[in-house]
Amino acid sequence: MTKPTPHALFARPALRPPIAPDLAMHRYRSHTCGALRDSDIGKTVRLSGWCHRIRDHGGVLFIDLRDHYGLTQVVADPDSKAFKLAETLRSEWVVRIDGKVRRRPGGTENPELPTGQVEVYIDEIEILGPAAELPMPVFGEQDYPEEIRLKYRFLDLRRDHLHANIMLRGKVIDSIRRRMKESGFFEFQTPILTASSPEGARDYLVPSRLHPGKFYALPQAPQQFKQLIMIAGFDRYFQIAPCFRDEDARADRSPGEFYQLDLEMSFVTQQDVFDAVEPVIRGVFEEFSNGKPVTPKFPLIPYADALRKYGSDKPDLRNPIVMQDVSEAFRGSGFKIFANILNADPTAQVWAIPAPKGGNRAFCDRMNSWAQGEGQPGLGYIFWREGEESGAGPLAKNIGPERTKQIADQMGLKVGDACFFVAGKPKDFVKFAGPARARIGEELGLIAMDRFEFCWIVDFPMYEWNEEEKKIDFSHNPFSMPNLPVEEFLALDAKDNDKLLSIKAIQYDIVCNGVELSSGAIRNHRPEVMKKAFAIAGYSEDVLETKFGGMLHALSLGAPPHGGIAPGIDRIVMLLAGEENLREVVLFPMNQRAEDLLMGAPSEVTPKQLKELHIRLDLPKK
RNA sequence: GGGGGCGUAGCUCAGUUGGUUAGAGCGCUGCCCUGUCACGGCAGAGGCCGCGGGUUCGAGUCCCGUCGCUCCCGCCA
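Thresholds applied
- Residues numbered from 1 in each chain as written.
- Chains lettered and ligands numbered in written order.
- Predicted model: local features only at pLDDT ≥ 70, side-chain atom pairs only at ≥ 80, totals over all residues.
- Heavy atoms only, no water.
- Salt bridge = Lys/Arg side-chain N within 4 Å of Asp/Glu carboxyl O.
- Buried < 20%, exposed > 50% of the residue type's maximum accessible area, 1.4 Å probe, protein only.
- Helix = DSSP H or I, 4+ residues; strand = E, 2+ residues; numbered from the N terminus.
- Pairing = 2+ DSSP bridges.
- Axes fitted to C-alpha atoms, helices over the stretch in contact; angles between N-to-C directions.
- Near = heavy atom within 4 Å.
- Polar contact = N/O pair within 3.5 Å; in protein donor to acceptor, adjacent residues only side chain to side chain.
- Contact = heavy atoms within 4.5 Å.

Caption draft 1: Structural detail: the pattern of salt bridges. Scanning the entire structure with this criterion turns up 44 salt bridges. Ionic pairing is found between Asp-64 and Arg-55, a salt bridge with its closest N-O pair at 2.9 Å. Under the relative-accessibility criterion, Asp-64 is labelled buried at 10%. Overall, Arg-55 belongs to the partly exposed group, its relative accessible area being 29%. The residue Glu-287 makes a salt bridge to Arg-178 at a minimum N-O spacing of 3.5 Å. Taken together, the residues Glu-287 in helix H7 (residues 270-288) and Arg-178 in helix H5 (residues 160-182) connect sequence positions 109 residues apart. Taken together, the shared-partner salt bridges connect Glu-146, Arg-149, Arg-153, Asp-156, Arg-159, Arg-583 and Glu-584 into one network.

Structure follows, in structure tokens:
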């Protein structure tokens, strides 16, 4: 069992509760368990809390009494009339104790507790809430299986670490709200019961009792509402908005529901959105980062550059590795595999992933077998070491010293370094090159862990080629404004695929430490541009009218140019808390299968309820 | 929908090439202990080894299936 570390519980500021005069003591407490100090010595006090840890020495018995605010040691010995009762207490019983504050005997002070100079000698104990044997201990910081933690979430939340995370979440949200309001945003509440939207994720549906066969949907995001708020002329909207999506979970993606800092602004360019959002995000991170540095000015990285340099549209900029195209060093070289790939396809390239200080065979072979484990044929490499300054490894021998030097010069590599290579169509190998860059950075300890590195990813392509259906598709959000003058866009030839695929959308992501916090966009607020954009992707006007008629109509009655973004609250808190899993920063999370093990959701309902809703079940066999 | 990992006491885990009565720590019950803060000591209770089938003289251990949890891919305004 790991030693419990003195953590945030003990550092939690001791909020001062109402202190009752001794003679008219409050029913449950005169002080919290984090309040008592030297200056309280001699006072008669009343504390209530949980028995965190009990140490019974026979003749003297210590209880660490815990509440939200902290920990106080209370003591009984056979001279106390409460001694017999004290001996029956067990872990996590809730008790009220009355007693006198006294200085701890010399040498027995506990410097790790703010209350560690004093203790309370018990006169009286009242058992307020006994506890049966615990399915998981509250004491200590040991890991327990998710299933037990979720089923007994209220116990898990008593533990210091989670308790502190949830408090951090509250403070972060407070700070975001304050900063947003100070920046001139107004908070609005949008409907939870709304209409099913055909785009994007699966909806959660809610049957209507009054309208047989019809359903509400929970919002995947308040996207259309916030645009309507702009059309209504409110100018600057925000909301800590609950969002519901019926999609499978990931460690950084809650199943079912999550929260976004949803915001939208009228009469703005992309840069205006950045100027509004960046100070809020930076401010929040600086406020809660515990001194970890935060990017002072978030760089703008075009989507294509992000893929080329980092192999990802959500690059972790704490990793200094930058990839480069080294196709020329391999074209027509003696390394036939790469030379043939380059020869066969004019769009094929070879990219280099530099690995500073990775210049030894053991490391390079380890990376190679990692690549094979990832389903790759391997990961070609060159490394440079003493005595083999012109490059070592089979690849170097194949292409010869001149080309090897060309690569070393281009990549700025020297003796002691290595370089890995991926070849093929960038579109295909980038899915492997990105993780390889991350892996190399991790293995070589190149990643500066103690910082928050932000960037904006910009210039997303509006369309992409759907190879399966042999047609043009929206690549991200169909409601983003194309980055072309309106007249020029309207005049586009819908068959000019090269031109269409080169169009950028005014759309952007904000990324921190390799985590995508949000997408946003300047919205397409011109119905005729929207119709054209959908026509290019092969949607008829009928379809658009059926699916988004209400929105189109609103846009046609005087819509301001507008745009926004919606950073994920859960992910922000996750980054600030240093957690890998969203469940650690959500009060009552569901498990991976979108079940609430504590409340037992989802659950069956009574036939009466179903009948009222005009629903008959058609369950899968078995 | 697909792939990887895990499943042994209330909890965390160990369990050898298949071998006799499945262990430890925490927790629980009882006894002892007047300065601990992961208190200490003694004794005790507690097991469908996830479930089902198979191989074998013999299965916690090997094989097949299945269920559950988890991580990843697909999916994700």
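Following the structure, the description resumes.
Caption draft 2: How the structure looks around the sheet that holds strand S5 (residues 118-129). The strand order S1-S2-S3-S5-S4 describes a closed barrel built from 5 strands, whose pairing is mixed. Each neighbouring strand pair of the sheet contributes to a mean axis angle of 55 degrees, computed without reference to strand direction. Bridge analysis of strand S3 (residues 70-76) against S5 gives 2 bridges, and the strand direction is parallel. The partner of Val-75 across the bridge, within S5, is Tyr-121.

Caption draft 3: Focus on the protein's contact with RNA strand B. In the vicinity of RNA strand B, 52 residues are found, and the nearest of them are Asp-56, Thr-108, Glu-119, Pro-145 and Asn-477. Here a base oxygen of RNA strand B and a side-chain polar atom of Arg-55 are 2.6 Å apart. Ser-519 is positioned with one of its backbone polar atoms (N or O) 3.2 Å from a base nitrogen of RNA strand B. For the surface near RNA strand B, the secondary-structure elements that each account for two or more residues are strand S1 (44-56), strand S2 (61-67), helix H3 (146-151) and strand S23 (515-522).

Caption draft 4: Local environment of the environment of Ile-510. Within the fold, Ile-510 resides in strand S22 (residues 507-512). Each C-alpha atom of the pair Ile-510 and Lys-547 lies 29 Å from the other, and the pair is 37 residues apart in sequence. Every residue in contact with Ile-510, bar those within four places of it in the chain, is listed here: Ile-281, Phe-298, Phe-454, Cys-455, Trp-456, Val-515, Glu-516, Leu-517, Ser-518 and Ile-565.

Caption draft 5: Structural context of the sheet that holds strand S12 (residues 324-325). Pairing is antiparallel across the open sheet formed by 5 strands, whose spatial order is S12-S13-S16-S14-S15. Two strands in the sheet have a free side with no partner beyond their single neighbour: S12 and strand S15 (388-392). In this fold helix H11 (residues 361-373) packs onto strand S13 (349-355), strand S14 (380-385) and strand S16 (418-424), with an angle of close to 170 degrees to the strand it touches most, S14. Across the sheet, helix H13 (residues 426-443) lies against S13 and S16, angled at about 5 degrees from S13, the strand it touches most.

Everything listed here is a matter of coordinates, which is why it stays silent on function.
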